[in-house]
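# Observations on the model geometry
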Amino acid sequence: NLFTLSSLFCGLYATILAAAGQAADDYYRAALVITFAIFFDAFDGRVARLTKTQSAFGVEIDSLSDVVSFGVAPATLIYRWSLAEVGTVGLLVSFAFVACGAIRLARFNLIAHREAAAGAKPGKYIIGLPIPGAAGVLVSLVVANHVAGGNLRGATVLLAIVTIGLSLLMVSRVRFRSFKD
C-alpha cells in the first residue's frame with residue numbers, strides 16, 4: 001500500500017504542477033512526476049503478490065489512486081498544456097479521458113472480485129487498455145515536446161484525437177496482455 005500511496009502522491013503533485021502551468025517546464029515536470037507514479041504503480045501489485053499480501057482493500061485503493069495519478073493528473077496536464085486552446089471541446093476531451101479511465105477501473109475491479117470469488121487466478125489478458133498505459137502515451141507526448149524544444153505543441157486537434165482514441169481503448173473490449181504471470 002505504501003507503493004500505491006506513493007503513486008497517489010505523485011498524481012496529486014503532477015496535478016498541482018500542471019494546474020499551475022506557469023512555465024513550459026511545469027508541464028515537463030508534471031509529466032516526469034506521472035512517470036514516477038507509473039513506476040510505483042508497476043511495483044505495488046508485484047510487491048503484494050511477492051509478499052502474499054494481496055487484498056480486496058489493495059485492489060480498491062490501487063484503483064482510486066490510479067484515477068488520480070493516471071486519470072485526473074494526465075487529463076489536467078494535457079488540458080493545460082494544449083487542449084485549453086479549444087475551450088469547452090478541450091475540457092470535454094479531457095473529461096472523457098478521466099471518465100473512461102474510471103469506467104475501465106471499475107470494470108477491472110468487478111472482474112477481479114468475480115475471479116477471486118471463483119478462486120480463479122488472474123488471466124494472461126485484461127479487457128481494455130490499462131489506464132497507466134493510456135497516461136503513459138499522453139505523458140510521452142509532453143516529454144517529446146520538451147525534448148523537441150516546444151515544437152510539437154501546435155498539434156491540438158491531433159492531440160484531441162489521440163486522447164479520444166486512448167479513452168475509447170480503455171473502455172473497449174480489446175484484450176491486452178496483463179504480464180501478471
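Everything discussed here concerns the structure shown above.
To start, this report covers the structure provided alongside it. Keep in mind that this is a model prediction, so the values were computed, not measured. (Residues numbered from 1 in each chain as written. Predicted model: local features only at pLDDT ≥ 70, side-chain atom pairs only at ≥ 80, totals over all residues. Heavy atoms only, no water.)

### Here we look at the side chain of Ser69
Note the cut-off: Helical segments are the DSSP runs of H or I of at least four residues, strand segments are the runs of E of at least two, and each set is numbered from the N terminus. Contacts described as polar in this section are N or O atom pairs within 3.5 Å, which, within protein, must combine one atom able to donate a hydrogen with one able to accept it, while residues neighboring in sequence count only if both atoms come from side chains. By the convention used here, residues are in contact when the closest approach between their heavy atoms is within 4.5 Å.
You can see Ser69 is positioned in helix α3 (residues 56-81). At a separation of 2.6 Å, a polar atom in the side chain of Ser69 contacts the main-chain carbonyl oxygen of Ser7. Setting aside chain neighbours within four positions, we find Ser69 in contact with Ser7, Leu8, Gly11, Ile34, Ala37 and Pro74.

### Focus: the environment of Ala73
The condition is simple: Between buried and exposed lies partly exposed: a residue is buried under 20% and exposed over 50% of the maximum accessible area for its type, with that area taken using a 1.4 Å probe on protein chains only.
Along the chain, the position of Ala73 falls in helix α3. For Ala73, a relative accessible area of 0% puts it in the buried group. Sequence spacing of Ala73 and Ile34 is 39 residues, and the spatial spacing of their C-alpha atoms is 7.5 Å. In contact with Ala73, other than residues within four places in its own chain, are Gly11, Ala14, Thr15, Ile34 and Val68.

### What about the packing of aromatic side chains?
The criterion, for reference: Each Phe, Tyr or Trp ring, with Trp reduced to its six-membered ring, pairs with another whose centre is within 6.5 Å; inter-plane angles below 30 degrees give stacked pairs, above 60 give edge-to-face pairs, and intermediate values give tilted ones. Charges are assigned to positions over rings by a cutoff of 6 Å between ring centre and Lys NZ or Arg CZ, combined with an angular limit of 35 degrees from the ring normal.
Overall, the coordinates contain 4 aromatic pairs when judged by the stated rule. For Arg177, the ring lying beneath its charged end belongs to Tyr125, and the centroid distance is 5.9 Å.

### Side note on the pattern of salt bridges
Condition: Here, a salt bridge means any side-chain nitrogen of Lys or Arg that lies within 4 Å of a carboxyl oxygen of Asp or Glu.
In total, this model carries 1 salt bridge according to the counting rule given. A salt bridge links Arg29 to Asp26; its shortest N-O distance comes to 3.8 Å. Of this pair, Arg29 and Asp26 both sit in helix α2 (residues 24-50), 3 residues apart, which is roughly one turn of the helix.

### Some remarks on the side chain of Thr76
Checked against the element boundaries, Thr76 lands in helix α3. Separated by 2.8 Å, the side chain of Thr76 and the backbone oxygen of Val72 make a polar contact.

### Brief notes about a nonpolar patch on the surface
Using the following cut-off: Each patch is assembled from residues with relative accessible area greater than 30% and no salt bridge, linking like charges that lie within 9 Å and nonpolar side chains (Val, Leu, Ile, Met, Phe, Trp, Tyr) that lie within 5 Å. Residue-level accessible areas treat just the shown protein chains as cover; the underlying method is Shrake-Rupley with a 1.4 Å probe.
A cluster of nonpolar side chains, Phe9, Leu12, Tyr13 and Ile16, forms an exposed patch at the surface whose accessible area comes to about 420 Å². Within the secondary structure, Phe9 sits in helix α1 (residues 2-20).

### Re the nonpolar core
In globular proteins that are soluble, nonpolar side chains generally tend to be buried together. To keep it simple, the criterion reads: To form a nonpolar core, buried Ala, Val, Leu, Ile, Met, Phe, Trp, Tyr and Cys residues must be joined to one another through side-chain atoms within 4.5 Å.
By size, the foremost hydrophobic cluster in this structure holds 33 residues, and its most contacted members are Ile34, Leu77, Ile78, Phe97, Val142 and Met170. When residues of this core are traced back to their parent elements, those giving at least two are α1, α2, α3, α4 (88-117), α5 (131-147) and α6 (156-171). When sequence neighbours within four positions are dropped, the list of residues in contact with Phe97 reads Phe70, Gly71, Pro74, Ala75, Ala134, Ala135, Leu138, Thr163, Leu166, Ser167 and Met170.

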